[in-house]
Amino acid sequence: MQHDDIFDRGLQFDISALLERRKVLGLLAGAGLATLAGCGSDSTGTASNTSSSRPPSASSSAGASASSAGASASGATCAEIPEETAGPYPGDGSNGPNILTESGVVRSDIRSSVGSASGTAEGVPLTVDLTLLDTSKDCSALSGAAVYLWQCDRDGNYSMYSESIASENYLRGVQESDGEGKLTFKSVFPACYTGRWPHIHFEVYPSLARTTSPDHKIAVSQIALPRDICEAVYATDGYSQSVHNLSQVSLDSDGIFGDGHTSQLGTVTGSVSSGLAVSLSVAV
């Protein structure tokens, strides 16, 4: 007896399955049968597991930051995140390969490749915590939106493009914002390559279902990383080439952040030895 292969059907299949599962769970909850699904008091599923895996100091700081953002949402005003270039290595189909249609791209941990690729990026662990805010609604939390995030590895290479890792697709992934507008990625600290300040790329989409095409994105920007943290990371094994590159550039001379980076400079907590976390509020 043969069975249909439910794997590797692409992101659209993943999303359809996710939405159907949510619909079923919603019906069970309405009938008073939610306990059969094993949900208990944790309605966030894997999100709670991701949170517990963050560096202790990072998770508490990120939680406090998110709480502050939520508290100041009502009646507050905030500036939209600056629009930046996606660069030559977006991997979203706008310039060559498209990981957004790949099954498995919706994940929190982006350190390993998905699909037929099997590589894992090495480097100092970095958790990326983003809080999405809706500028059209007094900076209230933007829930149900999605972020596609990507970055270079510790050698300054981009998966899917750089010759040495063209067959890999790690350090790329998609996450959906929760009820507080928050989402998290587990990654590694990126390198500083020639001509650019250390950074992380991201695109914001109105919903998870619309991340299959870059035509649907509502914002594209970059996260800048603080100099002192970069210097601490680059003093460790594997980042030696970044030391020289960092000495040749500054936030003010960088071609992207040079026109202003106040709302793009992330707040970093944790340590190089136990893992770092960068947090940023993103108003769109």
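Attention in this report is confined to the structure presented alongside it. (Residues numbered from 1 in each chain as written. Predicted model: local features only at pLDDT ≥ 70, side-chain atom pairs only at ≥ 80, totals over all residues. Heavy atoms only, no water.)

When we look at burial in helix α4 (residues 227–234), the residues that qualify are Ile-229, Cys-230, Val-233 and Tyr-234. On an axial view of α4, the arc spanned by its buried residues comes to 125°, and they lie on one face. Structurally, α4 contributes buried residues whose contacts are with α5 (240–247), β8 (267–271) and β9 (275–283). (Buried < 20%, exposed > 50% of the residue type's maximum accessible area, 1.4 Å probe, protein only. Helix = DSSP H or I, 4+ residues; strand = E, 2+ residues; numbered from the N terminus. Arc of directions from axis to C-beta. Contact = heavy atoms within 4.5 Å.)

Attention shifts here to the state of the cysteines. A disulfide bridge is the covalent bond that connects two cysteines by way of their sulfur atoms. Counting across every chain of the model gives one disulfide. In this model, Cys-78 is linked to Cys-139 through a disulfide, with the two sulfur atoms separated by 1.9 Å. Because the sign of the S-S torsion sets the handedness, a value of about -115° for the bond joining Cys-78 and Cys-139 places this disulfide among the left-handed ones. Remark: Cys-139 occurs in the loop between β1 (125–134) and β2 (140–141) and Cys-78 occurs in the loop between α3 (56–71) and β1; sequence separation between them is 61 residues. Judged by relative accessible area, which is 5%, Cys-139 ranks as buried. Counting only cysteine sulfurs, Cys-192 is the nearest neighbor of Cys-152, a cysteine outside any disulfide, at a range of 8.6 Å. On the accessibility criterion, Cys-152 (1% relative accessible area) is buried. (Disulfide = S-S within 2.5 Å.)

Attention shifts here to the nonpolar core. Grouped together as the largest cluster of nonpolar side chains are 44 residues, with contacts concentrated most on Val-128, Leu-130, Val-147, Leu-149, Phe-189 and Val-282. At the level of secondary structure, the elements contributing two or more residues to this core comprise β1, β3 (146–150), β5 (182–188), β6 (199–205), β7 (219–224), α4 and β9. When neighbours within four sequence positions are excluded, Val-147 is seen to be in contact with Leu-130, Leu-132, Gly-173, Val-174, Gln-175, Leu-183, Phe-185, Phe-202, Glu-203 and Val-204. Membership of the second largest hydrophobic core comes to 15 residues, among which are Ile-99, Tyr-148, Leu-208 and Val-220. (Core = buried A, V, L, I, M, F, W, Y, C linked by side-chain atoms within 4.5 Å.)

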